[in-house]
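# Overview (structure and organization)
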Amino acid sequence: MTTQQHNMHTLNDNKSGNTSFLASGDIAVIGGGVVGCAVARKMALEGASVILIEKAADILAGASKGNSAILHTGFDAPVGSLEWECVQKGYHEFLEIRESFNLPLLKTGALIAAWTEEQEAKFTGILQKGSDNNVKDLRLLSRSEVLDLEPRLANSIRAAIAVPREYVIDPWSTPLAYLQQALENGGQALFNAEVTGGEFNGTSWVLNTKRGQVRAHHVINCAGLYGDILDQDVLGASEFTIKPRKGQFVIFDMAASQLLNSVILPVPTERTKGIVLFPTIFGNIAVGPTAEDQDGRDDASVDKDNLEALRAQAIEKIPALANIPVTATYAGIRPASDSSGYQVIENSDRNWITLGGIRSTGLTSALGLAQHVHQLLAKQGTNFEAITKPHVPCIPNLAEHLPRDYETPGYGEIVCHCEMVTEREITAVMEGPIPAGSLVGLKRRTRATMGRCQGFYCSARLAELTKGKFAVPLGVGDADD
Amino acid sequence: MTDVLKHENCDVAIIGAGPAGLSAATTLKRAGIESVLVLEREAEAGGIPRHCAHPPYGLREYKRVLTGPSYAKKLVATALNAGVQIVLKQTITKLEAKGVLTIASPEGLKKLTAKRVLLATGIRETPRSARLVSGDRALGICNTGTLQSMYYLKKMVPFRRPVVVGTEIVSFSALSTCKKAGIQPVAMIEENQRPTVRWPIHHATRVFAVPLFLNTRIIKILGKDRVHAVQVVDLNGDRREIGCDGVLFTGQFTPESALARMSHLELDYETGSPAVDQFNRCSDPAYYAAGNVLQPSPDSDNAISIPIYYTADNLPQPVEVAGQCWHQGRITAEWIADDLNGKL
């Protein structure tokens, strides 16, 4: 656990020195998903003392663990909506800051592909909406222009709209970078600290967590799939209800990377953006997500029928994928809500802001939402003195198109052969500022076990390297001889 | 043996220090080929037999019954005695025309140009993901190779009461490892009406006291952090849950042909192996393949025979036992030597 000295720009009455609190500060951010990490970063940079509270052993344990890793332009967002505003702001801020963090960007561009006449008929509306959303560079491509760009697409394609500035990013290193910057600039993070209740005394909150009490002037609810329940439990009511929507994905072997350059978007329906074919930053091709409404907020299970259907749909669009093995499958759960759009609810009487219903676009919009939170607090008269020269963490690169750790001598040995993960990378993560709390945490930080053998070769070595470090270890113990 | 690759050129570079690679290297040296390098990505040579502690190994090669680890040691010693150079911790990242290899090594990226390259990268089992199995993605799900390397190399175990999926030869090997490691499988399940290999599976399930359920298919894995049960369905559509703390997916071997797949070499999409001619030569004549990475086409005339004690009429593409890999390495090496001498 990293606990660093608070920076000097805290509110005066905050330095209670009361040892009965696990932590105390200006702002408590509840939830270590991408939105929580971005808000923690922003407010720490603005000079607040920030405490991020996460119930799991690691960040990204809920909605943020499974997404399509696309940096959206917002061309298809509801016109004039807060979602559109946050996507646009998030998009631009990410591009401004990402190089300083060493965060990768795959400039894929996207194609909205029409395979039927009905789909093609929606193009006029899509172009108009893009223009209304200030994404001015959409352009119509004929069938032959599409096939010039993506020759491996099934030639039954009719036409496409190019969205040149839709990109692919690293879905896990990005939020990690945000939180790491928050910590390096005075923030704290508490893991395994589920919030069970809290009280507001007119000026500040005391939150009860499973690890102890946390005091903060303001609370930002970024609890994602549990955002409504947190509001109910602590505030007594929630203005929205989360309707979990599962999305399953199938990842094809890296050999597929030669088959596709762009993100292939479907013509969207009322309900969902639909099934996307996309290159990943790690050098694979992925297809997904499905859109399955369900009651379970933690049920990220996969099922064979849907996975087979996804694979079949991918092959229908890129026939050569039939010869490429499947490497991995996964599912994410989007915290959709009962009303469409983001649910940003300000409870200024009680110093509480809820960021709810942040669905598919959260990875892009998180930085924009963080700016929005800062503005809301400023409007309430809560101001801090921004850090003039903030620390910027350098995040290890996991992107396949950029130099990897194994290309630099002195890495010890390669532990994960499929994804070329070195012993040096694993050691750095286990000893780093936000150490992995689980095998999946290690996977997201290094790519270990993410590849085609799924741990066949490296599990034994990983079990040894991480022994005693994970709450749920790889090995259930030593063998009885 | 060394961890440092000093060569920039060699006569033959062999990728993989398992039975096929080591026997090919030994044969090449004995045929008078001067510079023969075996490149191994692990920190130890010997390949999969290193973590298969059960016999029988070595019948064909050494006329005696050995355990996997002692067989592996013997293969390595034989190769070194013959003058083979084995370089460890060398991961090939790229194959290019004319035998140009890019290699990641602890000293940095290197290039090696070989007159001929032999791919002897072996085989692995199909993991849960590629089988598209439904359910939670919890800890405790692995293949036999993982179980065996964890137990034999690190003395750790990934579960105590797994369900074993599959009834291939390797499934038998898995049961034997479980017994040694103090693991008691709660069930062995097979989708078909008969085990893939009839003997020794029936015998083994009796000896190891593991109930065998035929016509039974896993439909869902349950477990939040770690597996706690699997749902299975039988021929009648009856569903039930089996409590367990892991799922061991055995067999369904797939060639470890990623390097070939990512390169200019042609692939046989039916088997997943590099496409080869009658001399085990790939589409680029600087490259050859041997051992388990080269699975015979189901309909090919020269499909390699299976030792009698493993034979079953319903055996699908089997993983070759080490002895056959060794043999295939040897004959492929003879072809490579002929090729280098202009006699192929």
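Residues numbered from 1 in each chain as written. Chains lettered and ligands numbered in written order. Predicted model: local features only at pLDDT ≥ 70, side-chain atom pairs only at ≥ 80, totals over all residues. Heavy atoms only, no water.

## A look at the interface of chain A and chain B
- Taken together, the contacts link 55 residues of chain A with 52 residues of chain B.
- Carbon and sulfur atoms make up 58% of the area that chain A and chain B hide from each other, which totals about 4500 Å².
- Counting the surface chain A buries against chain B, the share from its top three residues, Phe456(A), Tyr457(A) and Val476(A), is 16%.
- Our count for the chain A to chain B interface comes out at one salt bridge.
- Inspection of the chain A/chain B interface yields 15 residue pairs in polar contact (both at pLDDT 80 or more). (Contact = heavy atoms within 4.5 Å. Buried area = accessible area lost by both parts, 1.4 Å probe. Salt bridge = Lys/Arg side-chain N within 4 Å of Asp/Glu carboxyl O. Polar contact = N/O pair within 3.5 Å; in protein donor to acceptor, adjacent residues only side chain to side chain.)

## Points about the nonpolar core
All names here are of chain A.
- Within the largest apolar cluster, 81 residues are counted, with the highest numbers of intra-cluster contacts made by Val29, Val35, Val39, Ile112, Leu179, Ile220 and Leu355.
- In terms of domain composition, this core takes at least three residues from each of domain 1 (1-106 + 168-241 + 338-396) and domain 2 (110-164 + 243-337).
- Once residues lying within four places of it in the same chain are set aside, the contact partners of Leu179 are Cys37, Ala40, Leu52, Ile59, Ala189, Phe191 and Ile434.
- Among the nonpolar cores identified, the runner-up in size contains 39 residues, and Trp115, Ala160, Val250 and Ile333 belong to it. (Core = buried A, V, L, I, M, F, W, Y, C linked by side-chain atoms within 4.5 Å. Buried < 20%, exposed > 50% of the residue type's maximum accessible area, 1.4 Å probe, protein only. Domains from an automatic or database assignment.)

## Some words on the domain arrangement of chain A
Residues and elements named next belong to chain A.
- Examined at the domain level, chain A breaks down into domain 1 (1-106 + 168-241 + 338-396), domain 2 (110-164 + 243-337) and domain 3 (405-465).
- Taken together, the contacts link five residues of domain 2 with seven residues of domain 3.
- Approximately 550 Å² of surface area, both sides summed, lies buried where domain 2 meets domain 3, with 52% of it carried by carbon and sulfur atoms.
- In terms of surface lost to domain 3, no three residues of domain 2 exceed Met254, Phe282 and Thr327, which account for 73% of the buried area on that side.
- Taken together, the connections running from domain 2 to domain 3 amount to one salt bridge.
- Where domain 2 meets domain 3, there are three residue pairs in polar contact (both at pLDDT 80 or more).
- Among the residues making up the side of domain 2 that touches domain 3, the classes are represented as three nonpolar, one polar and one charged. (Nonpolar A, V, L, I, M, F, W, Y, C, P; charged D, E, K, R; others polar.)

## Section: the domain arrangement of chain B
- We note that the domain assignment places domain 1 (9-124 + 253-340) and domain 2 (127-249) within chain B.
- Between the C-alpha centres of domain 1 of chain B and domain 2 of chain B the distance comes to 29 Å.

## Observations regarding helix 8 (residues 304-317) of chain A
Residue and element names in this part refer to chain A.
- Compared with the 20 Å implied by 1.5 Å per residue over 14 residues, the 20 Å span of helix 8 between its first and last C-alpha is a close match.
- Of all the positions in helix 8, only Leu307, Leu310, Ala314, Ile315 and Lys317 are classed as buried. Looking down the long axis of helix 8, one finds its buried residues gathered within 165° of arc, a one-sided arrangement. Relative to its buried face, helix 8 has exposed residues pointing more than 90 degrees away, namely Asp305 and Glu316. (Helix = DSSP H or I, 4+ residues; strand = E, 2+ residues; numbered from the N terminus. Expected span 1.5 Å × (residues − 1). Arc of directions from axis to C-beta.)

## A short note on the packing of aromatic side chains
- In total, this model carries eleven aromatic pairs over all chains according to the counting rule given.
- Summarising the aromatic geometry, the rings of Tyr91(A) and Tyr167(A) are spaced 6.3 Å apart at their centres and angled 25° between planes, so their arrangement reads as stacked. Within this pair, whereas Tyr91(A) is found in helix 2 (residues 82-101), its partner Tyr167(A) is found in strand 8 (residues 167-169), the two being separated by 76 residues in sequence.
- For Tyr167(A), a relative accessible area of 9% gives the class buried.
- One aromatic cluster is present, formed by Phe200(A), Trp205(A) and Trp352(A) through successive ring pairs.
- A cation over a ring is seen here: Arg41(B) above Tyr457(A), with NZ or CZ 4.5 Å from the ring centre. (Phe/Tyr/Trp six-rings, centres within 6.5 Å; stacked < 30°, edge-to-face > 60°. Lys NZ or Arg CZ within 6 Å of the ring centre and 35° of its normal.)

## Considering the pairing of strand 14 (residues 229-233) of chain B
All names here are of chain B.
- Burial analysis of strand 14 places four of its five residues in the buried class, the great majority of the element.
- Where strand 13 (residues 217-222) lies against strand 14, five bridges are found, and the strand directions are antiparallel. Directly across from Ile221, in strand 14, lies its bridge partner Val230.
- Adjacent in sequence and paired antiparallel, strand 13 and strand 14 are bridged by six residues, among which Gly223 carries a positive phi angle near 150°. (Pairing = 2+ DSSP bridges.)

## Here we look at helix 10 (residues 423-430) of chain A
- Every buried residue belonging to helix 10 of chain A is among Glu425(A), Ile426(A), Val429(A) and Met430(A), and all of these are buried. Seen end-on, helix 10 of chain A carries its buried residues on one side only, within an arc spanning 125°.

## Some points on the packing of helix 1 (residues 19-30) of chain B against helix 3 (residues 68-81) of chain B
Residue and element names in this part refer to chain B.
- Remark: helix 1 packs on helix 3, axes separated minimally by 9 Å, with the N-to-C direction vectors making an angle of 25°. Taken together, the axes of helix 1 and helix 3 are roughly parallel relative to one another. Considering only the axes of helix 1 and helix 3, their crossing is left-handed. Together, Pro19, Leu22, Thr26 and Arg30 of helix 1 and Tyr71, Leu75, Val76, Thr78 and Ala79 of helix 3 make up the contact between the two elements.
- Per-class residue counts for the contact of helix 1 with helix 3 are six nonpolar, two polar and one charged. (Axes fitted to C-alpha atoms, helices over the stretch in contact; angles between N-to-C directions. Parallel < 35°, antiparallel > 145°, perpendicular 65-115°, else oblique. Left-handed = near helix turned anticlockwise from the far one by under 90°.)

## Considerations on the sheet that holds strand 10 (residues 162-165) of chain B
Residue and element names in this part refer to chain B.
- Strand order in this open sheet of five strands is 8-16-10-11-12, and the pairing throughout is parallel. Strands with a single pairing partner mark the edges of an open sheet, and in this sheet they are strand 8 (141-143) and strand 12 (212-213).
- Across four bridges, strand 10 lies against strand 16 (residues 246-249) in parallel orientation. Along strand 16, the bridge assignment pairs Val165 with Phe249.
- Strands in contact with helix 4 (residues 144-154) are strand 8 and strand 16; relative to strand 8, the strand with the most contacts, it is inclined by about 90°.

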